[in-house]
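# Coordinate inspection notes
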Amino acid sequence: MQQVAVVIVAGGRGVRLGGAVPKQLLEIGGMTILQRSVRAFDRHPAVREIVVVLPAEYVGDGARLVGPTSRPCVWVTGGARRQDSVRAGWQAVSAEAEIVLVHDAARPFVSAAVIDRVIAAAAADGAAIAAVAVSDTVKRVRAEGERRVIVDTVPREEVWLAQTPQGFRRAVFERAVADAAAAIEATDEARLVELAGGRVAVVEGEAVNVKITTADDLAQARRDATEMRVGTGYDLHQLVADRPLVLAGVVVPSPVGPLGHSDGDVVCHALTDAVLGAAGAGDIGQLFPNTDARWKDAPGLDLLGRALTVVRERGWSVVNADITVVLERPKLLPHWPEVRRRLAEALEVPVDAVSVKGKTNEGVDAVGRGEAIASHAVVLLRRVGGVA
Ligand code: MG
């Protein structure tokens, strides 16, 4: 795997937002914009080192402003122009880095998928940027005194809006930075490669990868980042002899187990429906139809993991889950620590964010007579990034 370094540019003072604090240090949902940007790369498996470029007066407080990271992370003082800040960041990149990414700190909702695409294209082509196509008709406009008039209509398919990250093979980046040190002015690093006659690949960015520039952008991001969704799920399986009783992948000793197309793991099935329901992403029967051989005997934990992938791709993460299992016998209490541990791992939450409770049905109805096992689940999701 390529050694990837990222330079996160937070050198600006965000004058357009008008406040005394640079925009990248403003908070969205409990973390600053800068910390969210750093975290996006710190969590990416390919990124090995992070360099953050800060305004001079904030460098002394870098450790607090950047926040904890699991990768090596340094912060350096930015320059007057963006390209001076990028050059300062480049000087702190290690000699091992083969791919260098540059990212605007003001784009805190960059996804792992976009980072992946930029790395892959930069490795293949030397330079690459994330960009989004425009959906509006694009006009070239000229000022005539107080008025503006259309000069031309630009073919829409030729227009893409540049985002970051922008990625470069080391040698390509080194050249671009050297050019920037000379007289050349550029608003992004790709432009430097263009000016030097190099090819820059364009990969799909994402609408959520917005640059927070105006007070309206900030207000919208704050609304989106704090959005929550709740979902419920329910499952029941008939109990028959000689089937394993599986709850969240834990085999519970029992003379009977659930009859079913899959492993009949009611905890995972109810939780899968709760997760999908919260995100408005359908249900277990739609995603994993029992008419499809792929899902025959599929472990419940696998289905839950697949549902979580769908939900994460839609920009949600789990806050907590609360589950009730209704079963007449055996006693389930001894198994809850392991059930909770496995669910916490799957949901990527701390163990105390997963609750599992056992109930009996007091001898009443099919569950009470020991003919069936049922489970109820409630899950809370939190918006991970910006807009959906
Ligand atoms: Mg089921």
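Up top is the structure these notes are about.
Let us look at the structure shown here.

Scoring rules and cut-offs
- Residues numbered from 1 in each chain as written.
- Predicted model: local features only at pLDDT ≥ 70, side-chain atom pairs only at ≥ 80, totals over all residues.
- Heavy atoms only, no water.
- Helix = DSSP H or I, 4+ residues; strand = E, 2+ residues; numbered from the N terminus.
- Buried < 20%, exposed > 50% of the residue type's maximum accessible area, 1.4 Å probe, protein only.
- Areas by Shrake-Rupley, 256 points an atom, 1.4 Å probe, with all protein chains shown as cover.
- Lys, Arg positive; Asp, Glu negative; His and termini not counted.
- Charge placed at Lys NZ, Arg CZ, Asp CG, Glu CD.
- 1 Å grid on protein atoms, 1.4 Å probe; cavity = no way out; pocket = protein on both sides within 12 Å on 5 of 7 lines; lining within 4 Å.
- Points joined across faces, edges and corners; volume = space filled by probe spheres on them.
- Nonpolar A, V, L, I, M, F, W, Y, C, P; charged D, E, K, R; others polar.
- Phe/Tyr/Trp six-rings, centres within 6.5 Å; stacked < 30°, edge-to-face > 60°.
- Pairing = 2+ DSSP bridges.
- Axes fitted to C-alpha atoms, helices over the stretch in contact; angles between N-to-C directions.
- Parallel < 35°, antiparallel > 145°, perpendicular 65-115°, else oblique.
- Contact = heavy atoms within 4.5 Å.
- Donors = N, O, S within 2.8 Å, 3.2 Å for Na, K, Ca; no water.
- Core = buried A, V, L, I, M, F, W, Y, C linked by side-chain atoms within 4.5 Å.

Our next topic: the overall build of the protein chain. Across its full length, the protein chain carries 12 helices and 18 strands. Every one of the 388 residues in the protein chain was classed for burial, and the buried ones make up 48%. Here the protein chain displays about 18,600 Å² of accessible surface, and carbon together with sulfur accounts for 52% of that area. Computing the positive centroid from 45 side-chain charges and the negative centroid from 48, the protein chain places the two 3 Å apart.

Throughout the structure, instances matching the rule amount to one cavity of 30 Å³ or more. By volume, the largest cavity is sized at about 40 Å³. Lining the largest cavity are Q83, V86, A176, V177, A180, E189 and L192. Counting residues per element, the ones that place at least two in the lining of the largest cavity are α3 (82–90), α5 (170–181) and α6 (189–195). By residue number, the principal contributor to the lining of the largest cavity is α5, which donates three residues. Residue classes in the lining of the largest cavity are distributed as five nonpolar, one polar and one charged.

Taken as a whole and assessed by the stated rule, the structure comprises three aromatic pairs. Considering the side-chain rings of F168 and F173, the 5.3 Å spacing of their centres and the 35 degrees angle between planes classify their relative orientation as tilted. Assessed through its relative accessible area of 0%, F168 is described here as buried. Ring geometry for F288 versus W295: centroids 4.9 Å apart, planes at 80 degrees, classification edge-to-face. Across the pair, W295 and F288 agree in class, each one buried. Joined through ring pairs, the aromatic side chains of W90, F168 and F173 make up one cluster.

So, about the sheet that holds strand β15 (residues 256–258). Read from one edge of the open sheet, five strands run β15-β12-β18-β16-β17, paired in mixed fashion. Sheet topology places β15 and β17 (354–359) at the edges, where each strand pairs with a single neighbour. When strand polarity is set aside, the average angle formed by the axes of neighbouring strands in this sheet is 25 degrees. The pairing of strand β16 (residues 316–326) with β17 spans six bridges and is classified as parallel.

Two numbers describe how helix α8 (residues 266–278) lies on helix α10 (residues 300–313): the axes approach to 9 Å, and their chain directions differ by 10 degrees. Between α8 and α10, the interaxial angle falls into the category roughly parallel. Here C268, H269, L271, T272, V275 and L276 of α8 come into contact with α10, specifically with G300, L301, L303, L304, A307, L308 and V311. Among the residues forming the contact of α8 with α10, the class breakdown is 10 nonpolar, three polar and no charged.

Below, the discussion takes up the sheet that holds strand β11 (residues 201–204). Read from one edge of the open sheet, seven strands run β5-β4-β1-β6-β10-β7-β11, paired in mixed fashion. Both outer strands of the open sheet, β5 (73–77) and β11, are each paired with one neighbouring strand and no more. For this sheet, the mean inter-axis angle between neighbouring strands, taken without regard to orientation, is 25 degrees. Strand contacts of helix α1 (residues 33–42): β1 (4–9), β4 (47–54), β6 (99–104) and β10 (160–169), with the helix running at about 160 degrees to β4, the strand carrying the most contacts.

Right, let's get into the environment of I184. Mapped onto the elements of the fold, I184 is located in the loop between α5 and α6. In this structure, the C-alpha to C-alpha distance between I184 and T309, residues 125 residues apart in sequence, is 44 Å. Contact partners of I184, with chain neighbours within four places excluded, come to R81, Q83, D179, L192 and L195.

The next thing to look at is the coordination of the magnesium ion. Taken together, D235 (OD), D235 (OD), H237 (NE2) and H269 (ND1) make up the protein donors of the magnesium ion, found 2.2 to 2.7 Å from the metal. All donors of the magnesium ion come from a single chain, and their spacing in sequence reads D-x1-H-x31-H. Here H269 lies in helix α8 and H237 lies in strand β12 (residues 228–241), a separation of 32 residues in the sequence. For H237, a relative accessible area of 12% corresponds to the buried category.

Grouped together as the largest cluster of nonpolar side chains are 41 residues, with contacts concentrated most on L247, L271, I323, V325, L343 and V379. Of all elements in the fold, only β13 (245–247), β14 (250–252), α8, α10, β16, α11 (336–347), β17 and β18 (372–383) reach the threshold of two or more residues within this core. Examining the composition of this core, we find that nine residues originate from one element, α8, more than from any other. Ignoring sequence-local partners within four residues, the contact set of L271 consists of L304, A321, I323, L343, L347, A377 and V379. Counting residues in hydrophobic clusters, the runner-up holds 33 residues, among them V6, I8, V38 and V52.

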